[in-house]
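In case you want the letters, here they are:
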Amino acid sequence: MKSLQSDDFRDRSIQADAQQMLRVARDAGIETVWDRLAAQLPQCGYCAMGVSCRNCAMGPCRVDPFGEGPQKGVCGADADVIVARNLGRSIAAGASAHSDHGRDILEVFAETARGQTSGYRIADEAKLRRLAAELGIAVDDRPTEEVARDVADELLESFGTRRDEVSFVARAPEPRRQLWKRLSITPRGIDRENVEMLHRTHMGVDNDYANILLHGLRTSLSDGWGGSMIATELSDILFGTPTPVTSQVNLGVLKGDQVNIALHGHNPLLSDVIVEAARDPELVRFAREQGAAGINLVGLCCTGNELLMRKGVPMAGNHLMQELIIMTGALEAMVVDYQCIMPSVTDVAKCYHTRVISTADKAKFPGATHIPFDPHHGLEIGKQIVRQAIEAFPDRNPERVRIPDAPVSMMAGFSVEAILAALGGTPEPLVAAIRDGSVRGAVGVVGCNNPKIAQDYGHVTLTRRLIENDILVLVTGCAAVANGKAGQMMPEAAEMAGPGLRAVCQALGIPPVLHMGSCVDNTRILVLAAALATHLGVDIQQLPLAGAAPEWYSEKAVAIGAYVVASGITTVLGVQPPIFGSRNVVNLLADGLDGVVGARFAVEPDPEKAALLIRRHIETKRRALGLPFLEVPSTVTVTPAPVTA
Ligand code: BF8
Ligand code: SF4
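What counts, and where the lines are drawn
Residues numbered from 1 in each chain as written. Chains lettered and ligands numbered in written order. Predicted model: local features only at pLDDT ≥ 70, side-chain atom pairs only at ≥ 80, totals over all residues. Heavy atoms only, no water. Helix = DSSP H or I, 4+ residues; strand = E, 2+ residues; numbered from the N terminus. Rg over C-alpha atoms; globule rule 2.2 N^0.38 Å. Buried < 20%, exposed > 50% of the residue type's maximum accessible area, 1.4 Å probe, protein only. Areas by Shrake-Rupley, 256 points an atom, 1.4 Å probe, with all protein chains shown as cover. Lys, Arg positive; Asp, Glu negative; His and termini not counted. Charge placed at Lys NZ, Arg CZ, Asp CG, Glu CD. Patch = residues over 30% accessible without salt bridge, like charges linked within 9 Å, V, L, I, M, F, W, Y side chains within 5 Å. Salt bridge = Lys/Arg side-chain N within 4 Å of Asp/Glu carboxyl O. Pairing = 2+ DSSP bridges. Axes fitted to C-alpha atoms, helices over the stretch in contact; angles between N-to-C directions. Contact = heavy atoms within 4.5 Å. Near = heavy atom within 4 Å. Polar contact = N/O pair within 3.5 Å; in protein donor to acceptor, adjacent residues only side chain to side chain. Nonpolar A, V, L, I, M, F, W, Y, C, P; charged D, E, K, R; others polar. Domains from an automatic or database assignment. Expected span 1.5 Å × (residues − 1). Donors = N, O, S within 2.8 Å, 3.2 Å for Na, K, Ca; no water. Tetrahedral: all angles 85-135°; square planar, octahedral: opposite > 155°, others 65-115°. 1 Å grid on protein atoms, 1.4 Å probe; cavity = no way out; pocket = protein on both sides within 12 Å on 5 of 7 lines; lining within 4 Å. Points joined across faces, edges and corners; volume = space filled by probe spheres on them.

### Remarks on the overall build of the protein
No. 1: When helices and strands are tallied, the protein shows 23 helices and 16 strands.
No. 2: Relative to the globule expectation of 26 Å for 645 residues, the C-alpha radius of gyration of the protein, 24 Å, shows essentially globular dimensions.
No. 3: In terms of its C-alpha atoms, the protein occupies a principal-axis envelope of roughly 65 × 65 × 55 Å.
No. 4: When each of the 645 residues of the protein is scored for burial, the buried share is 61%.
No. 5: Total accessible area on the protein stands at roughly 23,800 Å², and carbon and sulfur atoms take up 51% of it.
No. 6: Charge-centre separation for the protein: the mean point of 62 positive side chains lies 3 Å from the mean point of 74 negative side chains.

What follows is the structure, given as structure tokens:
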């Protein structure tokens, strides 16, 4: 890892807006995530290798991966069991986060169907009816609310224990479903698989590392084809299915003369009504009275992605921008819901006039003002929050305002429906392009920022190399924002692509990097992969696809990686997961899984090398399908053009 002590902020981020704010942080003596990482170094080697355990009070224990110290915990668990248990619990935590988000949406959807909410409505009735028909619910001549109630009841059952499989498993291609059945990893109930993982990883239950990891796949599938998919589908129905939209990205989206409000977190339930509240003429007038020219909403992280995808709300930044945005001195309020919100934001906010407003009873932040979300008064609460932000405006110190200029244009809104529409209503043009080799394949580049990697370097470099080699890139989450900032998400970016992909993008008027949404929207990638596989009459594992999480940090990303692999898509991680203390676990995940689910994990911190690895993988899949393929040598002298934002 590069030194984090230096003043050369290119080590910390490749983006100019972040570098500029890091200078402000240094000059003002404000601590950031990078400083805290430096203070943690060297991080615990046992934990980094996954061989420490504190699952019971006979411990905590650790196993010496070099064979010199103890080889077993007090209970007798060896490195294999400890590593597998820790990984299993990470998957369960990530899957639970996504799925609980899905449940929150589902509950508001159910109440909306019963006419019990305020500020919510069925925005995409056609999608509701399509979904209902898919779930076997009668739709003809029935009122929308009635259909919605049945959909809600059906999906609520997916969380429990009364089913053999969660509803959306039926969307997977038949051979994949048969495979899951043979392996006994079909997810039965979303909550059930997560609870069972906690049970299995209690002391003295599942002591077979492979058996734990198989259940890890099942748990992750309950997220990918369960909780997250429910979140995506119902968010589309409640707030609209995304269609292509152009907006702007980076800290330059803040406005010097307006009340700036950042919407941060993951769940669009409240932020969506805040968009409406901010248009309220009375509040706009109030903002003017306070001396502001207007109210400017911007997004952060996945709540930002939800709003960008559906409403074109400008995007201020991804994960590592959440502290830096406050240091612009121009942020009146940061409204947070849950997930990926650093506890440190309230500390940074204390140095400025910024109000941090927490909104979820399950996610409180000492130092924040708590205004609890309540779907029965959605719009009212949204207005109350906007009012708070406006009240903070007169406290802004104009001398401390530092807004980086020049936001970058980015296109978003590529739901599966929008992609099919761009293709003329059928996947055939994409399939034809993949067949003739003008598009070699597609890769989902997803996931977080992690201060262990210069911010966005992994995402931007890997994506650039893939599109240069005619590989279509699908992005979500923080990876999408990274590529947006780097200017790789406008139709003009087709110029950066290889000749085949360039021609396809230019013919369709789309970018070579398609924004498919927030992290729960990785399920859109599953749906697209399933549609392509079914169209071709093959299983997902046979398709020239791959996944990549170059800068992942979160347990949610672990769950995503696991369900992507369990769905048959090989995935390359850019940050080392804590598994290297068990050779058996590493061998299973990086090799053995290929013979089980037809896909595996790889770890490659260097995005240049990861690009080669992925290209080789895609050409191997092409060859097996009998499609024209290229030789991608394993040792290529890479003299790439430097990637900068
Ligand atoms: O769910 S990519 S840092 S913001 S976990 Fe978090 Fe990772 Fe960003 Fe969205 Ni996803
Ligand atoms: Fe130690 Fe076993 Fe308890 Fe873990 S479960 S803390 S390895 S005794």
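### Re a nonpolar patch on the surface
No. 1: A contiguous nonpolar surface patch, about 270 Å² in accessible area, is contributed by Met 58, Val 74 and Met 203.
No. 2: Relative to the elements of secondary structure, Val 74 occurs in the loop between strand S2 (61-62) and helix H4 (79-113).

### Overview of the sheet that holds strand S13 (residues 513-517)
Strand pairing in a sheet takes place through backbone hydrogen bonds and is either antiparallel or parallel in direction.
No. 1: Ordered by their spatial adjacency, six strands build an open sheet running S13-S12-S11-S14-S15-S16, and the pairing between neighbours is parallel. If you trace the sheet from one side to the other, it starts and ends with S13 and strand S16 (601-603), each paired once. Along the sheet, successive strands turn relative to each other by an average axial angle of 25 degrees, direction set aside.
No. 2: When strand S11 (residues 441-445) meets strand S14 (residues 545-549), the two strands line up parallel, connected through four bridges. Each bridged residue has a counterpart across the sheet, and for Val 445 the counterpart in S14 is Ala 548.
No. 3: Helix H18 (residues 477-485) contacts S11, strand S12 (471-476) and S13 of the sheet and is inclined by roughly 115 degrees relative to S12.

### Topic: the site of ligand 1
No. 1: Inspection of the region around ligand 1 gives His 266, Cys 301, Cys 302, His 319, Cys 340, Gly 447, Cys 448, Cys 478, Cys 519, Tyr 553, Ser 554 and Lys 556 as its neighbouring residues.
No. 2: Between ligand 1 and His 266 there is a distance of 2.6 Å, counted from an oxygen atom to a side-chain nitrogen or oxygen.
No. 3: Across the shell around ligand 1, the residue classes break down as seven nonpolar, four polar and one charged.
No. 4: Each of domain 2 (251-400) and domain 3 (410-624) gives at least three residues to the shell around ligand 1.

### Regarding the pattern of salt bridges
No. 1: For the structure on display, the rule yields 43 salt bridges.
No. 2: Measuring nitrogen to oxygen at the nearest pair gives 3.6 Å for the salt bridge that ties Arg 162 to Glu 157.
No. 3: Residue class for Arg 162 comes out exposed when judged on its relative accessible area of 69%.
No. 4: When its relative accessible area of 26% is taken as the criterion, Glu 157 is described as partly exposed.
No. 5: The partner of Arg 218 in a salt bridge is Glu 193, with the nearest N and O atoms 3.6 Å apart. With Arg 218 in helix H9 (residues 209-239) and Glu 193 in helix H8 (residues 190-200), the pair connects residues that are 25 residues apart, well separated along the chain. For the pair Arg 218 and Glu 193, a shared accessibility class is recorded, and that class is buried.

### A closer look at helix H23 (residues 607-624)
No. 1: Here H23 spans 26 Å end to end across 18 residues, near enough to the 26 Å set by a 1.5 Å rise per residue.
No. 2: Along H23, the positions that sit buried rather than exposed are Pro 607, Glu 608, Ala 610, Ala 611, Leu 612, Ile 614, His 617, Ile 618, Glu 619, Lys 621 and Arg 622.
No. 3: Summarising the contacts, the buried residues of H23 are in contact with helix H16 (428-436), S11, helix H17 (457-468), S12, S14 and strand S15 (571-573).
No. 4: Looking at where H23 begins, the residue whose side-chain oxygen comes 2.8 Å from the main-chain nitrogen of Glu 608 is Asp 606.
No. 5: Looking one or two places after H23, you find Gly 626, whose phi comes out positive at around 80 degrees.

### A closer look at the coordination of the nickel atom of ligand 1
No. 1: In this structure, the nickel atom of ligand 1 receives exactly one donor atom from the protein: Cys 519 (SG), at 2.2 Å.
No. 2: Around the nickel atom of ligand 1, the four donor atoms are arranged such that angles at the metal cover 89 to 159 degrees; this shape is classified as irregular.
No. 3: Here Cys 519 lies in the loop between S13 and helix H20 (522-536).

### Some thoughts on the site of ligand 2
No. 1: Neighbouring residues of ligand 2: Cys 53, Arg 54, Asn 55, Cys 56, Met 58, Gly 59, Cys 61, Gly 73, Val 74, Cys 75, Arg 85 and Met 203.
No. 2: Looking at side-chain class alone, the shell around ligand 2 contains seven nonpolar, three polar and two charged residues.

### Things to note about the environment of Gly 329
No. 1: With respect to the secondary-structure elements, Gly 329 resides in the loop between strand S6 (315-317) and strand S7 (333-336).
No. 2: Using a relative accessible area of 3% as the deciding quantity, one classes Gly 329 as buried.
No. 3: Along the primary structure Gly 329 and Glu 107 are separated by 222 residues, whereas in three dimensions their C-alpha atoms are 37 Å apart.
No. 4: Setting aside residues no more than four positions away along its own chain, Gly 329 makes contact with Tyr 352, His 353, Arg 396, Arg 400 and Val 401.

### A few points about the layout of surface pockets
No. 1: Of the voids in this model, the largest pocket is the one considered here, and its volume is about 1,700 Å³.
No. 2: Sorting the residues of the lining of the largest pocket by element identifies helix H2 (33-40), helix H3 (45-49), strand S1 (52-53), H4 and helix H21 (555-566) as the ones contributing at least two each.
No. 3: Among the elements that make up the lining of the largest pocket, the one with the highest residue count is H4 (five residues).
No. 4: In terms of residue class, the lining of the largest pocket is made up of 25 nonpolar, 14 polar and eight charged.
No. 5: The residue makeup of the lining of the largest pocket includes at least three contributed by each of domain 1 (79-239) and domain 3 (410-624).

### Notes on the side chain of Asn 194
No. 1: In this fold, Asn 194 is placed in helix H8.
No. 2: Overall, the relative accessible area of 6% leaves Asn 194 in the buried class.
No. 3: In this structure the side chain of Asn 194 is engaged in a polar contact, spanning 3.3 Å, whose partner is the side chain of Ser 96.
No. 4: The contact partners of Asn 194, leaving out residues within four places of it in the chain, are Ala 92, Ala 95, Ser 96, Thr 219 and Ser 222.

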